[in-house]
Amino acid sequence: MEFSTVLVRSLLRAQHPDLAGLELRPVPGGWVNQLWRLGEELAVRLPRAPGASSLLREEGRWLPVLAPRLPLPVPVPVRAGEPSACFPRPWAVVTWVPGRSADRAAFTRGEDAAARLAGFLRALHRNAPAEAPEHCGHGGILSRRAGDFQERLRDVADTLTGEDAADLRTVWGEAAAADRWSGARVWAHGDLHPANVVVADGSLAGVLDFGDVCAGDPATDLAAVWLLLPSAAAPCFFRSYGPVDAATMRRARGWAVLRGLSLMRIGRAFERGLPGGQPLWGQAGRTALNRVLTDWRA
C-alpha cells in the first residue's frame, strides 16, 4: 500500500498545523512504514498495514525511554498522529536520522562501524523492566522457529549450492540446540538488518525502526554482526562489545541465518513482482549468509 504526499500534508494540517508548512519529501524504501522527510529535522511515518500500528505504539512508548542512553541517533517520536477519517491508523512524527540505509550504502570504514555497533548494543543490552515486551516479532526462542527456517531455506534453495545449503542446516541445527539464554532479560532492538541502520561517511550513523523492541536474549541483536558488518570487522566488534559465550554465539549465528534467508526471500518476491518485495534485500541476505558460512567454516 502506498500513500500520497497530499494525504500526509492533510493529516499534518488537521492534527499538527504548526508543522504543515514544512517541506515534505518522500523517502525511498520502507517496508512496514512509509516515510517522508519533514523539514530538516523531522520525518512522518505512516504504517502500511494494520499490524504495523501496534509496532508503532510500542516504539512510541519505549524509544523515548531508551534514546537518552543510546550513543547513536534514533528516530525519537515527537508527535503522535491519531486515526481519522482520512487515515484509519495511528501514525507518528519522529526525529530525522541523517544518512542512507545500509541496503543502499556500504560500510567503507568497517572497523569504525563495528566499534559503533558494539557501543550501541552495549548501551542497549541492559536489564529491562518487568513491563517490557516479552518477545519481539523477530525474536523469542530460536528453537521454536524451525518451521520458519525450513520454509525460508526451501524458498531460496535453488539459488544456493548444495554445500552451502547443507552447511546452513548444520549452523541452524547447532543454534537451535544451543542452551537458551539464562541471564537477565535485556533490551533488544529485535530487527537489526541493513534497511534498519543508517550509513554516513562510510560508518554506522544511526539505528531505525524500533517497532520490535523487546526484552530477552541479546543473541537476537548480535546477529547484526553478520547481517551488517564486513567480515573483517567482526573481530573488532567482539573486542569492543565484550565476552560472548559459545551458546550465545551459536544462537546469534542462527538468527543471522534466519534473517538472511528472509531477506533473500523478500528480494525474490520483488523479482517476481509479488507484494512486499524489496529490490536490494536479496543481495543483502545472500551477503549475510556468506559471512556466516565464512566465519563458521574458519
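Cut-offs used in this document
- What you see as residue numbers is a count from 1 along each chain, following the sequence as written.
- Where totals are concerned, whole chains, interfaces and linings use all residues; where local detail is concerned, this predicted model gives features only for residues with pLDDT of at least 70, and gives and counts side-chain atom pairs only at 80 or more.
- Computation of side-chain values: all heavy atoms of the structure, hydrogens and water removed.
- The term nonpolar core refers to a set of buried residues drawn from Ala, Val, Leu, Ile, Met, Phe, Trp, Tyr and Cys, joined through side-chain atoms within 4.5 Å.
- Whether a residue is buried, partly exposed or exposed follows from its accessible area with a 1.4 Å probe, protein chains only, as a fraction of its type maximum: under 20%, in between, or over 50%, in that order.
- Strands are runs of DSSP state E lasting at least two residues, helices are runs of H or I lasting at least four, and both sets are numbered from the N terminus onward.
- By definition in these notes, contact holds between two residues if any of their heavy atoms fall within 4.5 Å.
- Every angle, taken between N-to-C directions, lies between 0 and 180 degrees, and every axis is a line fitted to C-alpha atoms, over only the stretch in contact when it is a helix.
- Here the angle decides the label: under 35 degrees means roughly parallel, over 145 means roughly antiparallel, 65 to 115 means roughly perpendicular, and every other value means oblique.
- Helix crossings are classified by the rotation of the near helix relative to the far one: an anticlockwise turn of less than a right angle makes the crossing left-handed, while a clockwise turn makes it right-handed.
- Gly is placed with the polar residues, together with every amino acid not listed as nonpolar (Ala, Val, Leu, Ile, Met, Phe, Trp, Tyr, Cys and Pro) or charged (Asp, Glu, Lys and Arg).
- In this scheme, strands are said to pair when DSSP sees at least two bridges between them.
- Any helix carries an expected span of 1.5 Å times its number of residues minus one.
- Polar contacts, as used here, are pairs of N or O atoms within 3.5 Å; protein pairs need one atom able to donate a hydrogen and one able to accept it. Residues neighboring in sequence count only if both atoms are side-chain atoms.
- Only four residue types enter the charge count: Lys and Arg as positive, Asp and Glu as negative, with His and the chain ends excluded.
- Salt bridges, as used here, are contacts in which a Lys or Arg side-chain nitrogen is within 4 Å of a carboxyl oxygen on Asp or Glu.

Engineer: Now, about the nonpolar core: what can you tell me, with residues and values included?
Structural biologist: Among the nonpolar cores identified, the biggest contains 71 residues, and Phe-120, Leu-121 and Phe-237 are the most heavily contacted of them. Of the residues forming this core, the biggest block, ten residues, is contributed by helix 9 (residues 246-271). Residue contacts for Leu-121: discarding those within four places in its chain leaves Leu-192, Asp-221, Leu-222, Phe-237 and Tyr-241. Judged by nonpolar contacts, the second largest core, of 16 residues, contains Phe-3, Val-8, Leu-11 and Val-93.

Engineer: Give a description of the packing of helix 5 (residues 162-177) against helix 9 that names residues and reports values.
Structural biologist: The interhelical angle for the contact between helix 5 and helix 9, taken along N-to-C directions, is 135 degrees, at an axis separation of 8 Å. For the element pair helix 5 / helix 9, the angle class is oblique. Where helix 5 crosses over helix 9, the two elements pack in a sense that is left-handed. Where helix 5 approaches helix 9, its residues Leu-168, Val-171, Trp-172, Glu-174 and Ala-175 are matched on the opposing element by Arg-250, Arg-251, Arg-253, Gly-254, Val-257 and Leu-258. Its residues placed into classes, the contact of helix 5 with helix 9 shows six nonpolar, one polar and four charged.

Engineer: Can you break down the sheet that holds strand 8 (residues 197-200) residue by residue, with the values?
Structural biologist: Taken in spatial order, the three strands of this open sheet run 6-8-9, and their pairing is antiparallel. The open sheet has two free edges, formed respectively by strand 6 (100-101) and strand 9 (203-207), since each of these has just one partner strand. Sheet topology places strand 6 next to strand 8; two bridges connect them, and they run antiparallel. Bridge pairing in strand 8 links Arg-100 to Val-199.

Engineer: So what's going on with helix 9? Residues and values would help.
Structural biologist: Three- or four-residue spacings in an α-helix give side chains the same orientation, since the helix completes a turn every 3.6 residues. In this model, helix 9 (26 residues) spans 38 Å end to end at C-alpha, consistent with the 38 Å of a helix rising 1.5 Å per residue. Across the 26 residues that make up helix 9, a large majority, 21, are buried. The residue sitting at the N-terminus of helix 9 and contributing the capping side-chain oxygen is Asp-245; that oxygen lies 3.1 Å from the backbone nitrogen of Ala-247. Downstream of helix 9 by one or two residues, Gly-273 has phi in the positive range, about 70 degrees.

Engineer: Which residues make up the sheet that holds strand 1 (residues 24-27), and what values do they have?
Structural biologist: Ordered by their spatial adjacency, five strands build an open sheet running 1-2-3-5-4, and the pairing between neighbours is antiparallel. Lying at the two open borders of the sheet, with one neighbouring strand each, are strand 1 and strand 4 (77-81). In this sheet, adjacent strand axes meet at a mean angle of 25 degrees when their direction is disregarded. With four bridges connecting them, strand 3 (residues 42-47) and strand 5 (residues 91-95) associate as antiparallel partners. Following the sheet pairing, Leu-42 is matched in strand 5 by Thr-95. Along the sheet, helix 1 (residues 5-15) contacts strand 1, strand 2 (33-38), strand 3, strand 4 and strand 5; its crossing angle with strand 3, the most-contacted strand, is approximately 110 degrees. Most of the contacts of helix 2 (residues 52-66) go to strand 3, to which it runs at about 145 degrees, and overall it touches strand 2, strand 3, strand 4 and strand 5.

Engineer: For unusual backbone geometry, give the residues involved together with the corresponding values.
Structural biologist: Phi at Asp-201 takes a positive value of approximately 55 degrees, unusual for a residue other than glycine. Among the structural elements, Asp-201 can be located in the loop between strand 8 and strand 9. Judged by relative accessible area, Asp-201 falls into the exposed class, the value being 71%. Positioned with a positive phi, Asp-209 is a non-glycine residue whose angle comes to about 55 degrees. Within the secondary structure, Asp-209 is located in the loop between strand 9 and strand 10 (214-216).

Engineer: Go over the side chain of Arg-152 with me, naming the residues and quoting the values.
Structural biologist: One can find Arg-152 in helix 4 (residues 146-156). Nearest to the buried, unbridged Arg-152 among oppositely charged side chains is Asp-148, at 4.4 Å. A polar atom in the side chain of Arg-152 sits 3.4 Å from the backbone oxygen of Leu-258. Here Arg-152 is in contact with Arg-145, Leu-258, Leu-261, Ser-262 and Arg-265, once residues within four sequence places are set aside.

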